[in-house]
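Topology and contacts: notes
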Amino acid sequence: MFRRLAAAGAASALFLIAAPVAAQQKWDMPTGYPASNFHTENIKQFAADVDTATGGKLKITVHDSGSLFKANEIKRAVQGGQAQIGEIIISGYSNEDALYGVDSIPFLATSYPESQKLWQASRQATEARLAKQGMKVLYSVAWPPQGIFSAKPINSAADLKGAKWRAYNPNTSRIAQLVGAQPVTVQAAELTQALATGAVNTFMTSAATGFDSKVWEQVKYYYDVSAWLPKNLVIVSQKAFDALDKPSQEALLKAAAAAETRGWKVSAEKNAWYVEQLKKNGMMVDAGSAQLRADLKKVGDTMIGDWAKQAGADGQAVLDAYRK
Ligand code: PCA
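In this report, the structure presented in the accompanying data block is examined. Everything numeric in this text was worked out from a predicted model, so none of it was measured. (Residues numbered from 1 in each chain as written. Predicted model: local features only at pLDDT ≥ 70, side-chain atom pairs only at ≥ 80, totals over all residues. Heavy atoms only, no water.)

Let us look at helix H2 (residues 38–53). The end-to-end C-alpha distance of H2, which contains 16 residues, comes to 22 Å, matching closely the 22 Å that a straight helix rising 1.5 Å per residue would cover. When we look at burial in H2, the residues that qualify are Phe38, His39, Thr40, Asn42, Ile43, Phe46, Ala47 and Val50. The N-capping residue of H2, defined by a side-chain oxygen 2.7 Å from the backbone nitrogen of His39, is Asn37. With its phi angle positive at about 60°, Gly55 sits one or two positions after the end of H2. (Helix = DSSP H or I, 4+ residues; strand = E, 2+ residues; numbered from the N terminus. Expected span 1.5 Å × (residues − 1). Buried < 20%, exposed > 50% of the residue type's maximum accessible area, 1.4 Å probe, protein only. Polar contact = N/O pair within 3.5 Å; in protein donor to acceptor, adjacent residues only side chain to side chain.)

The structure is reproduced here in structure tokens:
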């Protein structure tokens, strides 16, 4: 009996010594985009806010540019506990679940307000899917609107036939198929190189990524068709979240809410600046011909129809809520 008490005493003494150490948490946060990108800057601000609000109890180290995990590996890393927190482009995972691709369907939501409305309509279902996989959504931020970058002038979808088309998610691959281009998946961190080697010459993305990747060295035309605004999500492992004390959890959620508001605002505000940089670097920027827009709209209509079938009742509910 005495021995057992002594052992228990020793254990609680150990606990007292260990407690202050366990109280500090160090998290690794892989992200896929360069340090100077507005998403990454927002994330660094978020990490700094968390540090301040927790009095240094939760330290988040940001590993940008796909340096810790490649962009398309980050979800699995957080799910498997190799990283506690990470940034993902949710539409990159629409092969797992069609619902994840709703924000990358051409001409479904084409402005910041529409994109925000679509996020509100799909947020719960998205969170529920990720929760089933052991992850919690902290916040989302939209990329600026997606346009077409091309090495040669494009007047209609017919001009895209045979293009070496860079894709960053299943939906951008699908667009390539529908216009008769050849899709090659390339993450943003490898885009500059893929262009330099001639592996790709045409793609859809934002002026932000066009700027980050200095695409003007190979690509001269930008058609600002504003087809959709895909979102990045910052997700955390539920297990890592649960291991925090209550005040740290609250600090994290508060910093996340601030990052969401700030991120959407900066995305919208900085878009014009990004487009300006493309022009300054000699690119031709154009809204796209009526023919090109009509052709792409058709591609979008096909994809919205396909998506509604794939995403089933949940998908229909998201569309209904969005269109209300
Ligand atoms: N930039 C990212 C995703 C969407 C965007 O605007 C990329 O091209 O990979």
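Here we come to the packing of H2 against helix H9 (residues 246–280). The geometry of H2 relative to H9 is characterised by a closest axis approach of 9 Å and an angle of 155° between their N-to-C directions. By the angle between their directions, the pair H2 and H9 is classed as roughly antiparallel. The way H2 lies across H9 gives a crossing that is right-handed. Every residue of H9 that contacts H2 at Phe38, Glu41, Asn42, Gln45, Phe46, Asp49, Val50 and Ala53 is listed here: Ala251, Leu252, Ala255, Ala256, Ala259, Arg262, Gly263, Val266, Ser267, Lys270 and Tyr274. Residues that form the contact of H2 with H9 fall into these classes: 11 nonpolar, four polar and four charged. (Axes fitted to C-alpha atoms, helices over the stretch in contact; angles between N-to-C directions. Parallel < 35°, antiparallel > 145°, perpendicular 65-115°, else oblique. Left-handed = near helix turned anticlockwise from the far one by under 90°. Contact = heavy atoms within 4.5 Å. Nonpolar A, V, L, I, M, F, W, Y, C, P; charged D, E, K, R; others polar.)

It is worth spelling out the sheet that holds strand E4 (residues 135–142) at this point. Taking strand neighbours across the sheet as the criterion, the three strands line up as E3-E10-E4 in an open arrangement whose pairing is antiparallel. Each edge of the open sheet carries a strand with a single partner, namely strand E3 (85–89) and E4. Adjacent strand axes in the sheet meet at a mean angle of 25° when their direction is disregarded. In this structure, E3 lies alongside strand E10 (residues 231–237), joined through five bridges in antiparallel fashion. Within the sheet, the bridge partner assigned to Ile88 lies in E10 and is Leu233. Its contacts with the sheet put helix H4 (residues 112–132) on E4 and E10, and the angle it makes with E4 is roughly 165°. Across the sheet, H9 is in contact with E4 and E10; its angle to E4 comes to roughly 25°. (Pairing = 2+ DSSP bridges.)

With four bridges joining them, strand E6 (residues 164–167) and strand E7 (residues 182–185) adopt parallel strand pairing. When the sheet's bridge partners are listed, Arg166 is paired in E7 with Val184. In this region the chain leaves E6, passes through helix H5 (residues 170–179) and returns to the parallel neighbour E7; the handedness of that crossover is right-handed. (Right-handed = clockwise from strand over helix to strand, strands pointing away.)

The next subject is the pattern of salt bridges. Within the structure shown, the criterion is met by 14 salt bridges. Linking Arg262 and Asp49 is a salt bridge whose minimum nitrogen-to-oxygen distance equals 3.5 Å. Residue Arg262 is found in helix H9, and its partner Asp49 is found in helix H2; the two are separated by 213 residues along the sequence. Look at Asp49 and you get partly exposed, because its relative accessible area is 24%. Arg129 is the salt-bridge partner of Asp314, the closest N and O atoms lying 3.0 Å from each other. Of the two residues, Asp314 sits in helix H10 (residues 290–323) while Arg129 sits in helix H4, which places them 185 residues apart along the sequence. Relative accessible area serves as the criterion here: at 19%, Arg129 is assigned to the buried category. One salt-bridge network, in which partners are shared between bridges, spans Asp97, Arg129 and Asp314. (Salt bridge = Lys/Arg side-chain N within 4 Å of Asp/Glu carboxyl O.)

Tracing the backbone shows Asn232 in strand E10. Under the relative-accessibility criterion, Asn232 is labelled buried at 3%. Engagement of the side chain of Asn232 in a polar contact is seen with the side chain of Glu87, the distance being 2.9 Å.

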